[in-house]
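Tertiary structure, described
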Amino acid sequence: MRLLLVLSFFLFFACQRTQVIDDLNDASFELLTQDSVSVTFPDDYKGKYVVMGFVYTNCPDICPLITQNMIKIKEELGSPEDVHFLGFSFDPERDTPSKLAEYKSAFRLDDSFDFITGDTTTVSALMDSLRVRTQVSFTTTTDAGEELYFLNHSDKIMVMDPQSRVIIEYGGSQPMVPNLIVEDFQKIRQ
Amino acid sequence: MTRLASRSVLLLIALILACSPKQETPEKNTVNIGNGSLEISNGWARPAHARMMTAAYFTIRNNETFADTLLSVSYANADDTQIHESYEADGGMMGMRPVGAVPIPANSGVELKPGGIHVMIIRPEMNLSEGDSIVLELAFSSNELQLIRIPVKASN
């Protein structure tokens with residue numbers, strides 16, 4: 001019953017044509033890619049669709065599911081040239097560009113994927129704009145003596161259109177999400 | 001042989017296996033323990049860069065008429081290995097919390113799977129790439145210690 005309700009919810013929104021969830025036209029965030037290249041978000045991505053997932057690299061389970069879903073979306077869309085994929089890290093203190101490069105490398109991702117981060121102020125502002133929340137859930141000390149913290153976080157993949165408007169948003173780690181987003185793309189492009 | 005000695009031998013074997021070159025892993029990937037009283041199958045681990053974080057998953061079937069418990073999992077070539085559970089936290093967020101041990105009811109099974117209970121491998125010493133395999137040591141309350149070799153792959 002719960003699954004039915006969730007599916008109905010998704011289907012309802014999937015049927016809405018280019019509903020604008022957030023308009024980022026007036027926004028501007030200076031960020032860095034995994035290669036330490038400066039980018040201005042969202043300006044540098046205008047003219048393309050952007051599929052964006054929210055992750056942190058010390059997350060071993062949910063965030064890889066989000067990343068894997070983004071890979072599935074790309075594969076099922078047929079790797080279109082007008083779609084770029086962004087993994088946004090909400091853990092800027094630990095997820096330096098070099099860490100993001102290692103994360104990208106582990107998933108064997110090509111140039112259509114970038115992972116981005118920034119200084120803590122900018123990352124926090126972007127998270128507020130996109131209603132992404134985090135909260136330290138617990139800390140642990142490893143056998144090697146390293147203290148680690150883990151985060152509760154929003155579970156989200158969104159799609160921004162070429163005019164920098166967020167038009168699609170789903171729970172990022174859910175297994176049905178790639179199919180839903182691909183169906184949405186097909187409707188949008190009709 | 002005492003439990004300590006048994007554990008030391010298993011750890012030594014784990015170290016030798018873990019340091020050995022990549023090996024082909026049987027497709028079925030099923031291990032029987034104690035004449036089939038416990039069955040472990042469908043094991044796999046996600047790829048990860050060295051010194052990062054990853055997760056391993058597998059299914060445990062308990063064919064006995066009494067319950068068992070998975071007490072711990074360890075991977076010799078990492079800083080630490082812990083059993084965790086992903087869950088839906090307050091405010092629609094996703095979270096993760098430690099799980100002390102995993103009960104395995106009699107004549108039943110437990111699936112460690114993405115989005116649920118998983119083994120968190122903290123800071124592996126080497127890159128774990130698709131096509132590699134790793135050896136985990138599983139400790140059960142029934143005094144069974146078991147080594148399993150599981151493939152590294154992007155998804156199951």
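Residues numbered from 1 in each chain as written. Chains lettered and ligands numbered in written order. Predicted model: local features only at pLDDT ≥ 70, side-chain atom pairs only at ≥ 80, totals over all residues.

Observations concerning the overall build of chain A
The helix and strand inventory of chain A stands at five helices and ten strands. C-alpha extents for chain A along the principal axes are approximately 55 × 45 × 30 Å. Taken over 190 residues, chain A has a buried fraction of 41%. A separation threshold of at least 6 residues defines the contact pool for chain A, and within that pool the share at least 24 residues apart is 67%. (Helix = DSSP H or I, 4+ residues; strand = E, 2+ residues; numbered from the N terminus. Buried ≥ 20, exposed ≤ 12 C-beta atoms within 10 Å, placed from the backbone. Contact = placed C-beta atoms within 7 Å.)

Observations regarding the overall build of chain B
Looking only at helices and strands, one finds one helix and eleven strands in chain B. Starting at the N terminus and walking to the C terminus, you meet the elements of chain B as α-β-β-β-β-β-β-β-β-β-β-β. Put simply, 69% of the contacts in chain B that link residues at least 6 apart link residues at least 24 apart.

Focus: helix H2 (residues 62-77) of chain A
In this model, H2(A) (16 residues) spans 23 Å end to end at C-alpha, consistent with the 22 Å of a helix rising 1.5 Å per residue. Buried within H2(A) we find Ile62(A), Cys63(A), Pro64(A), Leu65(A), Ile66(A), Thr67(A), Asn69(A), Met70(A), Ile73(A) and Lys74(A). Along its buried surface, H2(A) packs onto strand S4 (49-55), strand S5 (83-89), strand S9 (157-160) and helix H5 (177-188) of chain A together with strand S5 (78-88) and strand S6 (93-98) of chain B. Where H2(A) ends, the next residue or the one after it, Gly78(A), has phi of about 80°, a positive value. (Expected span 1.5 Å × (residues − 1).)

Some thoughts on the sheet that holds strand S3 (residues 38-41) of chain A
In any sheet, the strands associate via hydrogen bonds between backbone groups, in a parallel or an antiparallel arrangement. Residues and elements named next belong to chain A. Spatial strand order, S1-S10-S9-S4-S5-S6-S2-S3: eight strands in an open sheet with mixed pairing. Only two strands of the sheet have a single neighbouring strand rather than two, namely strand S1 (22-23) and S3. Strand direction decides the pairing type here: S4 and S9, joined by four bridges, are antiparallel. Considered in S9, the bridge of Met-52 is made with Met-158. On top of the sheet, helix H4 (residues 120-129) reaches strand S2 (29-33), S3 and strand S6 (113-117); it is set at about 110° to S2, its chief contact. Strands in contact with H5 are S9 and strand S10 (165-170); relative to S10, the strand with the most contacts, it is inclined by about 145°. (Pairing = 2+ DSSP bridges. Axes fitted to C-alpha atoms, helices over the stretch in contact; angles between N-to-C directions.)

Focus: the sheet that holds strand S4 (residues 68-74) of chain B
Residue and element names in this part refer to chain B. Taken in spatial order, the four strands make up an open sheet running S7-S4-S10-S11, and their pairing is antiparallel. If you trace the sheet from one side to the other, it starts and ends with strand S7 (102-104) and strand S11 (145-151), each paired once. Here the strands of the sheet are splayed against their neighbours by 35° on average, with no regard to which way each runs. In this sheet, S11 lies alongside strand S10 (residues 133-140) in antiparallel orientation, the contact comprising seven bridges. When the bridges of S11 are listed, Leu-138 appears paired with Gln-146.

Thoughts on unusual backbone geometry
All names here are of chain A. Following Phe-41, the chain continues into Pro-42 via a peptide bond in cis, with omega recorded as 5°. Within the secondary structure, Pro-42 sits in the loop between S3 and S4. Phi at Ser-164 takes a positive value of approximately 60°, unusual for a residue other than glycine. Among the structural elements, Ser-164 can be located in the loop between S9 and S10. Ser-164 sits in the buried class, given 20 other C-beta atoms within 10 Å.

Section: the pairing of S10(A)
Residues and elements named next belong to chain A. Of the strand pairs in this sheet, S1 and S10 are connected by two bridges, and their pairing is antiparallel. Looking across to S10, one finds that Asp-23 is bridged to Arg-165. With four bridges joining them, S9 and S10 adopt antiparallel strand pairing. The residue of S10 that forms the bridge with Met-158 is Glu-169. The turn joining S9 and S10, which pair antiparallel and follow one another in sequence, is formed by four residues; a positive phi near 60° is taken by Ser-164.

Structural notes on the environment of Pro64(A)
Residues and elements named next belong to chain A. Within the secondary structure layout, Pro-64 lies in helix H2. Judged by C-beta crowding, with 25 C-beta atoms within 10 Å, Pro-64 ranks as buried. Separated by 39 residues in the primary sequence, Pro-64 and Tyr-103 have C-alpha atoms spaced 9.6 Å apart.

Quick word on the interface of chain B and chain A
If you look at the interface, chain B gives 28 residues, while chain A gives 27 residues. Of all the secondary-structure elements, those providing two or more residues to the side of chain B that touches chain A are strand S3 (53-62), S5, S6 and strand S9 (117-124) of chain B. Among the elements that line the side of chain B that touches chain A, the one with the most residues is S6(B), at six residues. Residues of the side of chain B that touches chain A, tallied by class, amount to 14 nonpolar, nine polar and five charged. (Nonpolar A, V, L, I, M, F, W, Y, C, P; charged D, E, K, R; others polar.)

Focus: the confidence of the model for chain B
Residues and elements named next belong to chain B. When pLDDT is averaged along chain B, the result is 85; 81% of the residues meet or exceed 70. Within chain B, helix H1 (residues 3-19) has the poorest average pLDDT of any element, 50, and S9 the best, 98. Every residue in residues 10-27 scores below 50 in pLDDT, and together they form 25 contacts with partners more than four places removed in sequence or on other chains. (pLDDT = per-residue confidence, 0-100.)

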